[in-house]
Every structure is written in C-alpha cells, then in structure tokens.
Amino acid sequence: MGKKAAEALDISYNDLADYLHRNHSVYMKVGSAVYYLTDVNYEAWRAQDTSRRNSKNHFVDCSELVSTVDEFLMLPFVHGKTIKDVFDQATFYASVKDEKTV
C-alpha cells in the first residue's frame, strides 16, 4: 500500500479504468472520506476505508471483491453510490511508494 500523494490527479472518469490498470491503485477523496482503490495481487479489485485499520494495520475493505475494473467501477460502496455517481465530487490522488522502501 502506497501513501496518498499531496497533489491531486487531473483525471477524467473515462481515463480512470486505464489509470487503475497501469498503476494498480489510487486514493479517492469524497467529502471527508478517503478510499484506497486497489487490486489484490492483480486478480481482484476492492475499495478500502482509510479511516479504519485491521489488526495488521491495513485499511479495512468497504466493498466486495470483483474480478474486473469495469465491475469495480459499478460497485455501490460510497453510501450506496458508485464511483461514477460520485466522480464529480471526488478528488483523486496517486498512491506513491515511500522513498525509504523503494
């Protein structure tokens, strides 16, 4: 899991699927909530709630696991809304590796 970049991405909804395929993760801020959108070993996609951590100090899943990005973009995990539904109110940030671990 990378850290949220300080600078927001300039990305359109139509470019988001390609971005996820290339980069495997992105942070999405909607209001005060921040979600980590990521793949699971290149086999499934999920959203995680960054305000909650499990016993391993990992973000807690807040969506189902699905096998494709297209399915993922249609999951209603943001208070019953999909990423497309909230896209205009969302800000996206790259997930960057900590320089100490690179």
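On a predicted model such as this, the values are computed, not experimentally measured, just so you know.

Calculation rules
- In every chain, residue numbers begin from 1 and rise along the written sequence.
- Selection of residues for local features in this predicted model requires a pLDDT of at least 70, selection of side-chain atom pairs for listing and counting requires 80 or more, and totals for whole chains, interfaces and linings are taken over all residues.
- Heavy atoms from the whole structure form the basis of all side-chain values; hydrogens and water molecules are not counted.
- Burial here depends on accessible area, computed with a 1.4 Å probe over protein chains only, as a share of the maximum for the residue type. Under 20% is buried, over 50% is exposed, and the range in between is partly exposed.
- What counts as a helix is a DSSP run of H or I of at least four residues, what counts as a strand is a run of E of at least two, and both are numbered from the N terminus.
- The rule for pairing is simple: two strands pair if DSSP sees at least two bridges between them.
- Along the arc lie the directions from the helix axis toward the C-beta atoms.
- The contact criterion used throughout is that any non-hydrogen atoms of two residues lie within 4.5 Å.
- What counts as a salt bridge is simple: a side-chain nitrogen of Lys or Arg found within 4 Å of a carboxyl oxygen of Asp or Glu.

All right, on to the pairing of strand β2 (residues 25-30) then. Of all the six residues making up β2, five are buried; the element is thus mostly covered by neighbouring parts of the structure. Across six bridges, β2 lies against strand β3 (residues 33-40) in antiparallel orientation. Of the residues in β3, the one forming a bridge with V30 is A33. Hairpin connection from β2 to β3: two residues lie between these consecutive antiparallel strands, with G31 at a positive phi of about 65 degrees. Relative to strand β6 (residues 90-96), β2 runs antiparallel, the two being bridged by five bridges. Counted as the bridge partner of V26 is A94 from β6.

Where helix α1 (residues 13-23) is concerned, the buried positions are L16, A17, Y19 and L20. In a view along the axis of α1, the buried residues occupy a sector of 165 degrees, so they form one face of it. Along α1, exposed side chains directed more than 90 degrees from the buried face belong to N14 and R22. Elements that come into contact with the buried residues of α1 comprise β2, β3, β4 (44-53), α2 (69-73), α3 (83-86) and β6.

Turning our eyes to something else, we now look at the pattern of salt bridges. Inspection of the entire model under this criterion finds one salt bridge. Here D61 and R46 are joined by a salt bridge, their closest N and O atoms 3.6 Å apart. With D61 in strand β5 (residues 59-61) and R46 in strand β4, this pair connects stretches of sequence that are 15 residues apart.

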